[in-house]
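# Commentary on secondary and tertiary structure
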Amino acid sequence: MTEFLKEPILFAGEIDEDINLSLPATSAEEYINQVIVEARRCESVVVSEIDETKLKKPTVNIKTLAGCTEAPAFLGPSLEWQKCQVDDFSKIRLYIARIRDEIQTCKRKWKPPAMKLPNVGEEKEWIKFLCDNNDEGREILLPTLNVVLAINQPTIENVLEYLVDLVVEEKIIQFNVGRWIYVFLVALELPVNPDICSCLRSLARICSIIRANKKTPDESEVNTLNLMICLVARYFRQLDLADQ
């Protein structure tokens, strides 16, 4: 059906291959003759030769980020333990999602917390607010549920990044910081954007580094570190960071 596209539109007559292409054409026929001859002399594929000695060297050093640091044999979690954590995490996420839906559809009565929350972008204020709000003896979701229900998804993402930056800076994950990271991960909607994906991977990496450098392992802290790595790798599908 497309054979007609190959048929010539103009009849150029006999082509003079010795025509001087440097001279302007004196007629339409001569112009067509020049175009055809010039096209025939062109290579089908042209490759540019690059003089690499004239190329400038990059001024920015780009370092490839490595995966997680392998856990010492006595600190790494079992696959069964990781599966249990992912299952529990999934159930809590479904619970929070159901509460959000009931609030939005007016099936559940809920009032925003009376406490004043920091504004978006106030990193230091958010860290202080979260670290001061420490009810260690209570159920993990009870003191934090109202906070995550009261803020929108962009704020959840921002505050999660603040917490991860704090762990990266201090190279330690305090109990209250770990608890809040867990809760913000619970409230994080899928799919995550590239910035949050990078944040999660940073969290897993720093947790693996802290774990590997433990001189006197504390069971509670090691479990927290293992949990963060597990959730990032197994639930948020960053499987290259997973403990095997």
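Right, let's walk through the structure included here. This structure is a prediction, so every number in the text was calculated from the model and none was measured.

Turning next to the side chain of E157. Relative to the elements of secondary structure, E157 occurs in helix α5 (residues 153–170). The side chain of E157 is buried and forms no salt bridge, while R93, the nearest opposite charge, is found at 10 Å. Discounting residues that sit within four places of it in the chain, E157 has contacts with L188, N193 and I196.

Ranked by internal contacts, the top residues of the largest apolar core, which has 54 residues, are W126, L160, L163, I181, F184 and L185. Elements with a contribution of two residues or more to this core: α2 (79–104), α3 (123–132), α4 (145–150), α5, α6 (175–187), α7 (194–212) and α8 (219–235). In this structure W126 touches L117, P118, N119, V147, I151, T155, V159 and Y162, once residues within four positions along its chain are discounted.

Turning next to the layout of surface pockets. Where empty space is left becomes clear once a probe the size of a water molecule has been rolled over the atoms. The calculated volume of the second largest pocket comes to roughly 210 Å³. Residue classes in the lining of the second largest pocket are distributed as 7 nonpolar, 4 polar and 4 charged.

We now examine unusual backbone geometry. For the bond from L190 to P191, the omega torsion is -5 degrees, close enough to zero to count as cis. You will see that C106, though not glycine, has its phi angle at about 65 degrees, which is positive. Note that C106 resides in the loop between α2 and α3. The class of C106 is exposed, set by a relative accessible area of 70%.

Summed over all chains, the structure comprises 6 salt bridges. Across the pair D132 and K128 runs a salt bridge, and its minimum N-O distance is 2.9 Å. Taken together, the residues D132 and K128, both in helix α3 and 4 residues apart, mark about one turn of the helix. This pair shows no difference in class: D132 is exposed, exactly as K128 is.

What counts and what doesn't
- Residues numbered from 1 in each chain as written.
- Predicted model: local features only at pLDDT ≥ 70, side-chain atom pairs only at ≥ 80, totals over all residues.
- Heavy atoms only, no water.
- Helix = DSSP H or I, 4+ residues; strand = E, 2+ residues; numbered from the N terminus.
- Buried < 20%, exposed > 50% of the residue type's maximum accessible area, 1.4 Å probe, protein only.
- Lys, Arg positive; Asp, Glu negative; His and termini not counted.
- Salt bridge = Lys/Arg side-chain N within 4 Å of Asp/Glu carboxyl O.
- Contact = heavy atoms within 4.5 Å.
- Core = buried A, V, L, I, M, F, W, Y, C linked by side-chain atoms within 4.5 Å.
- 1 Å grid on protein atoms, 1.4 Å probe; cavity = no way out; pocket = protein on both sides within 12 Å on 5 of 7 lines; lining within 4 Å.
- Points joined across faces, edges and corners; volume = space filled by probe spheres on them.
- Nonpolar A, V, L, I, M, F, W, Y, C, P; charged D, E, K, R; others polar.

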